[in-house]
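# Fold and contact review
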Amino acid sequence: ENIGKKDLIFIEIQLGEEFVNYYSELKQEIFTLKSISRIFGGASRETYRLSVLNKDLIERFSRQIILKDIGVIGQKKILSSKVLIIGCGGLGSPVADYLSRAGVGTIGIVDDDKVNLSNLHRQSLFCTSDIGKSKVKIAKNKIQKNNPNTQDKIYKITLNNKNFKKIINDYD
């Protein structure tokens, strides 16, 4: 991979049961680095691609990246994932918000409803000024404000047997 001067390198090393994540700012201009070795308890070796994330993504998701069960590889999987949310109500609204904040790469939201006053106490993406507006349009706008790296696709429709397969095929 080509690595720019302002990019950071993450290297994950397993020491016994512990994972240690290192990152450092590169001083060199641009160079190519094909792979690194990851040593498991000193016994066997496996080769993994070196993960490169830009500085903004590393800072944004640093609290996730340092988790043993996520790390750089897991965060890259999250960034490339595509999730479809059917309904932007009491469950879909906070799910869309949290998935975008976690770094999910593409979020699709299906809902043909408008925001009502009775929605506000349980649908966290919406506020009083959103009453009467399309839920998916408001959700897209708020998700983009929270994480501009997330690609949002909205479907202001009722999901049915005729359109279900066409929409769902674009998601993991």
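Everything here concerns the structure above.
Being a predicted model, the structure only gives us computed values, none of them experimental.

Mapped onto the elements, Lys140 comes out in helix 5 (residues 135-146). Taking C-alpha positions, Lys140 is 6.1 Å from Asp152, a pair spaced twelve residues apart along the chain. Setting aside residues up to four positions removed in sequence, Lys140 forms contacts with Asp152 and Ile154.

If you look at the biggest cluster of nonpolar residues, it comprises 13 residues, and the most contacted ones within it are Cys88, Ala96, Ile107, Ile109, Leu125, Phe126 and Ala139. Of all the secondary structure elements, the ones that give two or more residues to this core are strand 9 (106-110) and helix 5. When neighbours within four sequence positions are excluded, Phe126 is seen to be in contact with Cys88, Ser93, Val115, Leu120, Lys135, Ile138, Ala139 and Lys142. Listed in part, the six residues of the second largest apolar core include Leu53, Ile58, Ile65 and Val72.

Okay, a nonpolar patch on the surface next. Residues Ile86, Phe164 and Ile168 make up a contiguous nonpolar surface patch of about 240 Å² in total accessible area. Mapping Ile86 onto the fold places it in strand 8 (residues 82-86).

Before going further, it helps to examine the side chain of Asn147. With respect to the secondary-structure elements, Asn147 resides in the loop between helix 5 and strand 10 (151-155). A relative accessible area of 1% means that Asn147 is categorised as buried. From its side chain, Asn147 meets the backbone oxygen of Ser100 in a polar contact 2.7 Å long. With sequence-adjacent residues up to four places away left out, Asn147 is seen in contact with Arg60, Phe61, Ser100 and Gly103.

With that out of the way, let us pick up the sheet that holds strand 9. Across the sheet, which stays open at both edges, the three strands sit in the order 8-9-10 with parallel pairing between neighbours. Two strands lie at the open edges of the sheet, namely strand 8 and strand 10, each paired on one side alone. With strand direction ignored, the average angle separating the axes of adjacent strands in the sheet is 15 degrees. Sheet topology places strand 8 next to strand 9; five bridges connect them, and they run parallel. Counterpart to Lys82 in the pairing with strand 9 is Thr106. Strands strand 8 and strand 9 of the sheet are contacted by helix 4 (residues 92-102), whose axis makes an angle of about 165 degrees with strand 8.

The rules behind each value
Residues numbered from 1 in each chain as written. Predicted model: local features only at pLDDT ≥ 70, side-chain atom pairs only at ≥ 80, totals over all residues. Heavy atoms only, no water. Helix = DSSP H or I, 4+ residues; strand = E, 2+ residues; numbered from the N terminus. Contact = heavy atoms within 4.5 Å. Core = buried A, V, L, I, M, F, W, Y, C linked by side-chain atoms within 4.5 Å. Buried < 20%, exposed > 50% of the residue type's maximum accessible area, 1.4 Å probe, protein only. Patch = residues over 30% accessible without salt bridge, like charges linked within 9 Å, V, L, I, M, F, W, Y side chains within 5 Å. Areas by Shrake-Rupley, 256 points an atom, 1.4 Å probe, with all protein chains shown as cover. Salt bridge = Lys/Arg side-chain N within 4 Å of Asp/Glu carboxyl O. Polar contact = N/O pair within 3.5 Å; in protein donor to acceptor, adjacent residues only side chain to side chain. Pairing = 2+ DSSP bridges. Axes fitted to C-alpha atoms, helices over the stretch in contact; angles between N-to-C directions.

Treat this as a map of the structure, not an account of what it does.
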